[in-house]
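An overview of the molecular structure
So you can see what is in the structure, the chains are spelled out below.
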Amino acid sequence: MHDTTARTTARLERFTRDWLEPAVLRETRPLDVAAWTVGGEPVPFADAVAATYAPFALGSPWGRPWDTTWFHVTGAVPAEWSGDAAPAGTRVELVVDLGFTGAGPGFQAEGTAWTPDGRIVKAVEPRNQHVPLVAGQALDADGRVDLYVEAAANPDVPGGAWTRPTPMGAWETSGPDPIYALRTMHVALVDETAWELLQDVRALHGLVRVLPGTSPRAAEVLRALEDMLDAVDPDDLAGTAAAGRAAIAPALAAPATASAHRVHAVGHAHIDSAWLWPTRETVRKCARTFSNVLSLMDEDPDVRFACSSAQQYSWVQEHFPELFERIRERVREGRFVPVGGMWVESDTNMPGGEALARQLVAGKRYFIEELGVEPKEVWLPDSFGYTAALPQLARLAGSDNFLTQKISWNDTNRMPHHTFWWEGIDGSRVFTHFPPVDTYNSDLSAEELDRAERQYAEKGRANTSLVPFGYGDGGGGPTREMVAAARRTHDLEGSPRVELSDSQTFFDAARAEYADPATWTGEMYLEYHRGTYTSQARTKRGNRRSEHLLREAELWAATAAVRTGADFPAARLQRLWRTVLLQQFHDILPGSSIAWVHREAERNYAEVARELEEIVAEALRALIGEGDRTVAANAGPFARDGVAALGAAALDAPRGAGTVAPVADGDGWVLENDLVRVVVDPDGHVVSAVDRASGREAVLPGAKANLLQLHRDVPNEWEAWDIDEHYRRATTDLVAAVKAEVAEGASGPVVRVLREFGSSRVEQDLALPVDGRGLRITTRVDWHERQKLLKLAFPLDVRAERATSEIQFGHVHRPTHVNTSWDHARFETVAHRWVHVGEPGFGVAVANDSTYGHDITRTRADDATDAQGARGTTVRLSLLRAPKFPDPDADQGEHELTCELVVGAGIDDAVRHGYALNLPERVVTGDHGVEPLVTVDDDAVVVEAVKLAEDGSGDVVVRLYESRGGRARARVTPAFAHASVEVTDLLERPLAGAAGAPARDGDAVLLEMTPFQVVTLRVRR
């Protein structure tokens, strides 16, 4: 037989484009349209419906960027389209085209259709333009159309590129001119048979494209499609579409093979809580997406929808209560399925330990209390890498499963598993799935299903994967076309078997099928988006400061409640926590959002700080009384300067400034105390830092520490997201100082250094305390560079095979060598308050107060011979970046960052200095000190949080963890009257069995802790 594949395919493509797709709408009739433009921030429906509307002609421009235009749509449905007169196999819908562009759904104009009484019907979006016309909803009592369409003129911010500066990231810069023109606002008669035929053709044509050209099945399907083309008359498509369906019915009825891959298709819409739009627009995106889903559920009883982020439900509950009640009903039916159990789909690299725990606590409590369900998985498809602390926290929050997609973006190495155990730093494991479809926005096309089957790594042992389908990022969700694709591939030869499902059903099936999967241990590092550890430094500093202020506020407020009976500001703290948790979303804290988002985040952090300072001040006033004595309050987990951890002490004598005066030595300055001797050269570099006890030099011979380095930073693809490895080959050492001198700093004399470069200037203060081993370096930058990266380097005389970096509730070790492609790809890493490098018996730590990005490499000394190789290790902090997209002014302006070079440090010293730098003592006036609510006798066990219980009982909750990576025996003593102490999960529910019943010794609790174990104690008062 002659091969006609190419000709038949070309014929099919033209038939679909020129006849079948247009035939779906048999007829359209225009409606009357009037419009009202808001001219600013969105308004509630009640305000919009009361506004004065003016006639609006199709084709007219509307919508300056970020504005809203309300369209009032009215008109009659033709009599011959409705009732008994309606043609068989048709339905009537409203079709809306707001002027949609080629950009994807969620990245351009979007609309919401409302009834005159304020009920949301459904959204209108680029690939989901219909609104069902239902009597009593979209149709009035006379059967006429009467709807309001709230049209958001959201701009296409990237405009096809992810590197060019854009003015579209803020209202003030986006311009006054309309960017859309209304194309269509019609009532349409839909040919249901033609629509079904179109779905048949798309499913079978997609199948032919993915099957091998030599496949008998591909040939069979192509011939069936050819028969369909012969059976359908383009001039009478409505009359012959049924014959076309009959011609291809046998091809659609052929069952899948027994070994076909099994796909659980889970309806989904990954809605970024902020990104290329502000959070106020996300509120409306949620309403649009969720109403789409509810409308789809009305059409098809088998549709289920997985939705994470308690914050998004909470927004809908607050702003769209009627819609929320409909969601609540579908949740009760098990069709609208809360997943993930977090407040938002947060970044996991940079939130602190307690904050990451609170993501789970806040999310799960909301789902349990408001919706009556408790998700059993952590659902983070798009976060930029996954901390090794997360498995333990997930398990402690009552979650057994984990899902992610983002690791498929790795630029160097491919994850070897799709279904596996993920093991964290403490040994906890969660059953993990990484969908081989490589997208969380699937449309269930044949190409995507084929990719899922082809890439699935566990073939031969298991054969089931999950596919999240629905338009996402900007929202939209699943469509009826996607559901139709699922129906046709449920049992189709040549395709995986597709089942409309939900996450729990999938995980149950996957566990039953694959009881003993492989294990991945440690962090899941994303080999991409490495710049997110550094971009938008103000946002990151706001997060770090907020986390520690929240700790202080909870500690002192709880202490005041127990000691004095003061009211505990639970509602206020919950609101502030929720603000901070929202801003840990994986496009806010990483610094990858538009200018609007980050300026709003900075304002929010300032307000959070103001309120938390008030709470701290009120609590301390209640605790220390009125008086004129100097009182030092220590919210840190370690005693310092005679003040107990978690307590306060009145000082009988004022403290000195606490820093060593630099001594000029003719060639710079010397700062020394009983522990450390530091030499600073005339240009402000640290050329020597000696541990006096051991005599060990910390600075690599011939090198300069405290060296600022400026790099060209022009990533290949995603400006704010990426640091590409080639930045290292374009480095300028900022050696020369404009001025270096002894000056008076905030706490005493310092060596002050001024440098200028490009359009920027840096001023640094170097100070050494009288009784510590940490050289404190405060760096103030007036930053006006573009596409540059500023790093601060410390070349150290330590031959470290690995670097240790603090993460949540512990630390991880990473090689300093690049033996493997995995090591080479990890050229920029994240750390929290400190990093440490060492040899047996000697180490150096670098602590920081707001920096997350680091690189730590093996380094040769200047005098090394070719045969000697690396002798030292260079630790570098990534201080600032200057990407141009999506915020063209990212990080411009003034910054202050502080770090400490801690000489002769062990891991325990690193932990102490990290806390001390981020939780400085408060010195206030009052009458007396404060006894800590709880004491711990082992410094390896760190108290991370002291608070009152979430349920309002007044019980005291203490969260602790083992910080050094070893075993610990700790005696924890509550210093107040109490009835009992029990170990709980993160949600403060008792753990079953022995885990929930700690040993007692009088008032003390005896804890036997394993490496990095997190323990939550509930002390019942």
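The structure we're discussing is the one just above.
The residue numbering used here restarts from 1 in each chain and proceeds along that chain's sequence as written. Restriction of local features to residues with pLDDT of at least 70 applies here, the model being predicted, together with a cutoff of 80 or more for giving and counting side-chain atom pairs; totals for whole chains, interfaces and linings are based on all residues. To obtain the side-chain values, all non-hydrogen atoms of the structure were included, while hydrogens and water were left out.

**Side note on the overall build of the chain**
Each helix and strand counted, the chain has 18 helices and 53 strands in total. What the globule rule says is 2.2 Å times the number of residues to the power 0.38, and the radius of gyration is computed from C-alpha atoms. Against the globule reference of 31 Å for 1021 residues, the chain gives a C-alpha radius of gyration of 31 Å, in line with a compact fold. Here the C-alpha coordinates of the chain stretch approximately 95 × 70 × 60 Å along the principal axes. Burial classes follow relative accessibility: with a 1.4 Å probe on protein chains only, a residue under 20% of its type's maximum area counts as buried, one over 50% as exposed, and anything between as partly exposed. Scored against the burial criterion, the 1021 residues of the chain give a buried share of 62%. Only DSSP runs of H or I covering at least 4 residues are called helices, and only runs of E covering at least 2 are called strands; the numbering of each starts at the N terminus.

**Focus on the sheet that holds strand β45 (residues 922-926)**
Strand order in this open sheet of three strands is β24-β23-β45, and the pairing throughout is antiparallel. The strands lining the two open edges of the sheet, one partner per strand, are β24 (647-651) and β45. Averaged over all neighbouring strand pairs, the angle between strand axes comes to 30 degrees, with direction disregarded. Here, any two strands with at least 2 DSSP bridges between them count as paired. As judged from the five bridges shared by strand β23 (residues 629-634) and β45, these two strands associate in the antiparallel manner. Residue pairing for β45: A632 is matched across the bridge by V923. Contacts are assigned to residue pairs with any non-hydrogen atoms lying within 4.5 Å of each other. Where helices are involved, their axes are fitted lines through C-alpha atoms of the stretch in contact, as for all axes, and angles between N-to-C directions lie from 0 to 180°. In this fold helix α16 (residues 595-624) packs onto β23 and β45, with an angle of close to 45 degrees to the strand it touches most, β45.

**Here's the deal with the packing of helix α14 (residues 537-564) against α16**
Closest axis-to-axis distance for the α14/α16 pair is 8 Å, and the angle between their directions is 25 degrees. The pairing of α14 with α16 is recorded here as roughly parallel in orientation. For α14 against α16, the interelement crossing comes out left-handed. For this scheme, ten residues count as nonpolar: Ala, Val, Leu, Ile, Met, Phe, Trp, Tyr, Cys and Pro. Four count as charged, namely Asp, Glu, Lys and Arg, and the remainder, Gly too, count as polar. Split into classes, the residues belonging to the contact of α14 with α16 amount to 17 nonpolar, seven polar and six charged. Working rule for angles: under 35 degrees goes down as roughly parallel, over 145 as roughly antiparallel, 65 to 115 as roughly perpendicular, anything else as oblique. For a crossing to be left-handed, the near helix must be turned anticlockwise from the far one by less than a right angle; the clockwise case is right-handed.

**Things to note about the environment of D733**
Mapping D733 onto the fold places it in strand β31 (residues 731-733). Separated by 26 residues in the primary sequence, D733 and L707 have C-alpha atoms spaced 7.1 Å apart. With sequence-adjacent residues up to four places away left out, D733 is seen in contact with L707, L708 and Q709. Definition of a polar contact: a pair of N or O atoms within 3.5 Å, with one able to donate and the other able to accept a hydrogen when the atoms are protein atoms, and with sequence-neighbouring residues admitted only if both atoms are side-chain atoms. A distance of 2.9 Å separates the side chain of D733 from the side chain of Q709, its partner in a polar contact.

**Some thoughts on the side chain of T898**
Of note, T898 is situated in strand β44 (residues 893-903). Relative accessible area serves as the criterion here: at 10%, T898 is assigned to the buried category.

**Observations concerning the packing of aromatic side chains**
Centres within 6.5 Å are what make two rings of Phe, Tyr or Trp a pair, Trp counting through its six-membered ring; a difference in plane orientation under 30 degrees is then read as stacked, over 60 as edge-to-face, and the rest as tilted. Applying the stated criterion across every chain, the model contains 40 aromatic pairs. Between W275 and W277, the aromatic rings sit 5.8 Å apart at their centres with planes inclined by 75 degrees, giving edge-to-face as the arrangement. Members of the aromatic cluster, joined through ring pairs, are F107, W162, W275, W277, W409, Y528, W718, W721 and F885. Sitting above the plane of the W421 ring, R429 keeps its charged end 4.3 Å from the centroid. Should the NZ of a Lys or the CZ of an Arg lie within 6 Å of a ring centre and within 35 degrees of the ring normal, that charge is described as sitting over the ring. Stacked on the ring of Y525, the Lys or Arg R826 has its end atom at 5.7 Å from the ring centre.

**Comments concerning the pattern of salt bridges**
Each reported salt bridge corresponds to a side-chain nitrogen of Lys or Arg within 4 Å of a carboxyl oxygen of Asp or Glu. Scanning all chains against the criterion turns up 97 salt bridges. Beyond isolated ion pairs, a larger network of salt bridges with shared partners links E41, E110, E150, R280, E281, R284, K285 and R288.

**A closer look at the sheet that holds strand β50 (residues 980-984)**
In space, the four strands of this open sheet follow the order β47-β48-β53-β50, with antiparallel pairing throughout. On the outer flanks of this sheet lie β47 (941-948) and β50, each paired with one strand and no other. Averaged over all pairs of adjacent strands, the angle between strand axes in this sheet comes to 25 degrees, irrespective of strand direction. Strand direction decides the pairing type here: strand β48 (residues 956-962) and strand β53 (residues 1014-1020), joined by six bridges, are antiparallel. Bridging from a neighbouring strand, V958 pairs with L1017 of β53. Seen against the sheet, helix α9 (residues 353-371) touches β47 and β48 and runs at an angle of roughly 45 degrees to β47.

**Some words on the packing of α9 against helix α15 (residues 570-582)**
Between two packed helices, the angle of one axis relative to the other and the distance separating the axes together describe the packing. For the pair α9 and α15, the least separation of the axes is 10 Å and the interaxial angle reads 110 degrees. Judged by the angle between their axes, α9 and α15 are roughly perpendicular. Handedness of the α9/α15 crossing: left-handed. From α9, E354, A355, R358, Q359, A362 and Y366 reach across to α15, where they touch W577, R578 and L581.

**Describing the pairing of strand β21 (residues 497-500)**
Residue alternation in β21 divides its side chains into a buried set, V498 and L500, and an unburied set, R497 and E499. Direction of pairing for strand β13 (residues 262-268) relative to β21: parallel, over a ladder of four bridges. Directly across from V263, in β21, lies its bridge partner V498.

No statement about biological role is implied by the geometric values presented.
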